[in-house]
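Structural characterization, general
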Amino acid sequence: MPQLSQAVAEEPSMDLPIIDLDIYRSSAKSPAAQEECARAARALITYGALVLHDSRVSESDNEAFLDLLEDYFAQPTETLRKDERPELGYQVGVTLENTEKPKCAVDEPCLDVIRRLAPAERPLDISGHQPDPKCRFFHRMGEPAPYATQFPGLNAENVIPEAGEIRERWTPVMETWGKSMKSAVSGLAEMAAVGMGLPAETFTDAGRYGPHLLAPTASDLSKYGAKDTILAGFHTDLNFLTIHGRSRYPGLHVWARNTGRRIAVGIPRPPPDQPGSYLLVQAGKQLEHLTGGLVKAGFHEVIVNDATIRTITTRRDAYPDRPLVRISSTMFWHLSSDYDLSPIPALADQAKAVRAANFDLGRDEGAEVEYEPMKVGQQVQK
């Protein structure tokens, strides 16, 4: 078992580490691959996030995905409403703007995290508990389980939009991009397991039948483009790992666990002679639970900042006929709903060591969390 507690002694830079999945895929047992796996594990512990390079992921597939979702969300509200499934808890189909509320605004442990941040590093104020002005679409990318799940509502059939031109493009584009993201994040899950001293398949086996979701959000910047508008309030994700392709508009901030620094995320573009894409990966609550807090789910927000406003101006001039909609190219990778979620003892022991090391360095992580055993489906529905 590698001693990962050493990660806490390192002062994180303002740039997220870049992990190369190709090194692992080309020769998983090589010393270079093993070191890359260790780097991936340290990055998740230190930051709760990292940038992943995968030569198989096409930039053009992301562009096609962004174009499709911009066109979809530019439709009238009454058309979009046909794709709502509130009776399924919005677990498939569309969720319209001003529906989702950032839970942190009424969650005392989350509010405690904000209080412990330096004033200059705090998120924009969410105390009003206003709903986020973003829409969302959930498109399932899971493999059907060969058994009867206890959580059928979390494994519902996909919704396909009715509008003819969009409907024709929908499934090919969503499936192509979704499979690329799923393959990349599954590879990173293997690397993280190896880097934590576990068999490579530990996490991927646990997530084989997970209700993975291609989950783009959409923010209408013609309506919500004012400086300091909160598009997605300060929060963590409840799934295992979240992966993002590049958005066309900046505005995402993440917080590094060790320092509480607010980091403006920029996903680099690969140079012209390098295949593939760079993708942002963030730790979610299921990973935190399974590691007993060794990895903490990463807090993040999406806002309109100066860089967003500059990009709005640039794109309005360059593409006057395109919808002014910020799409997040996002997938939520989940553990299987019926999986027994309980901390892995060896990782829980390492988590205690990391917590103690942070305490010795004067880093207050707040009250200790108890990770009670439960089904993943129960964790999602809490």
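Residues numbered from 1 in each chain as written. Predicted model: local features only at pLDDT ≥ 70, side-chain atom pairs only at ≥ 80, totals over all residues. Heavy atoms only, no water.

Before going further, it helps to spend a moment on the overall build of the chain. In terms of helices and strands, the chain carries eleven helices and 15 strands. For a compact globule of 382 residues, the expected C-alpha radius of gyration is about 21 Å, and the chain comes in at 20 Å, within 12% of that figure. A principal-axis box enclosing the C-alpha atoms of the chain has dimensions of 55 × 50 × 45 Å. Taking all 382 residues of the chain together, the buried fraction comes to 55%. Within the chain, residue pairs in contact and separated by at least 24 positions form 84% of the contacts whose partners lie at least 6 positions apart. Of the roughly 16400 Å² of accessible surface on the chain, 52% is carried by carbon and sulfur atoms. Of the charged side chains in the chain, 41 are positive and 53 negative, and the gap between their average positions amounts to 1 Å. (Helix = DSSP H or I, 4+ residues; strand = E, 2+ residues; numbered from the N terminus. Rg over C-alpha atoms; globule rule 2.2 N^0.38 Å. Buried < 20%, exposed > 50% of the residue type's maximum accessible area, 1.4 Å probe, protein only. Contact = heavy atoms within 4.5 Å. Areas by Shrake-Rupley, 256 points an atom, 1.4 Å probe, with all protein chains shown as cover. Lys, Arg positive; Asp, Glu negative; His and termini not counted. Charge placed at Lys NZ, Arg CZ, Asp CG, Glu CD.)

This part is about unusual backbone geometry. One non-glycine residue, Tyr90, lies in positive phi territory at about 60°. Counting through the fold element by element, Tyr90 comes out in the loop between helix H4 (77–81) and strand E3 (93–95). Its relative accessible area of 25% is what places Tyr90 among the partly exposed residues. Non-glycine residue Asn98 carries a positive phi angle of around 60°. Within the secondary structure, Asn98 sits in the loop between E3 and helix H5 (108–116).

Below, the discussion takes up the confidence of the model for the chain. In this model, the chain carries an average pLDDT of 91, and 96% of its residues clear a pLDDT of 70 or more. A low-confidence stretch, residues 5–13 stays under pLDDT 50, and its non-local contacts, those more than four residues away or across chains, total 28 contacts. (pLDDT = per-residue confidence, 0-100.)

What follows deals with the sheet that holds strand E7 (residues 230–235). Strand order in the open sheet formed by four strands is E7-E12-E9-E10, with antiparallel pairing between adjacent strands. At either margin of the open sheet sits one strand with a lone partner, and together these are E7 and strand E10 (262–264). In this sheet, neighbouring strand axes are inclined to one another by 25° on average, regardless of whether the strands run parallel or antiparallel. For strand E9 (residues 252–255) and strand E12 (residues 300–303), the ladder comprises three bridges, and the chain directions are antiparallel. Each residue of the ladder has a partner; that of Val254, found in E12, is His300. (Pairing = 2+ DSSP bridges. Axes fitted to C-alpha atoms, helices over the stretch in contact; angles between N-to-C directions.)

Bringing the packing of aromatic side chains into the picture now. This structure, assessed with the given rule, holds eleven aromatic pairs. Measuring from ring centre to ring centre gives 4.9 Å for Tyr72 and Phe73, while their planes differ by 85°; the resulting arrangement is edge-to-face. The exposure class of Tyr72 is buried, given its relative accessible area of 0%. Ring pairing ties together the aromatic residues Tyr72, Phe73, Phe137 and Trp170, which thus form one cluster. (Phe/Tyr/Trp six-rings, centres within 6.5 Å; stacked < 30°, edge-to-face > 60°.)

This next bit is on H5. Turning to H5, its buried residues are Cys110, Val113 and Ile114. For H5, the buried positions fall inside an angular range of 95° around the axis, keeping them on one side. On its buried face, H5 is in contact with E7. (Arc of directions from axis to C-beta.)

Using the criterion set out here, one finds 26 salt bridges in the structure. For the salt bridge of Asp306 with Lys227, the shortest nitrogen-to-oxygen distance reads 3.2 Å. Here Asp306, found in helix H9 (residues 306–318), pairs with Lys227, found in the loop between strand E6 (217–220) and E7; they are 79 residues apart in sequence, far enough to count as distant. For Lys227, a relative accessible area of 42% corresponds to the partly exposed category. For Glu288, the salt bridge is made with Lys285, and the minimal N-O distance between the two is 3.5 Å. Taken together, the residues Glu288 and Lys285, both in helix H8 (residues 285–290) and three residues apart, mark about one turn of the helix. One network of salt bridges, in which partners are shared, links Glu63, Asp67, Glu70, Asp71, Glu165, Arg169, Arg248 and Arg322. (Salt bridge = Lys/Arg side-chain N within 4 Å of Asp/Glu carboxyl O.)

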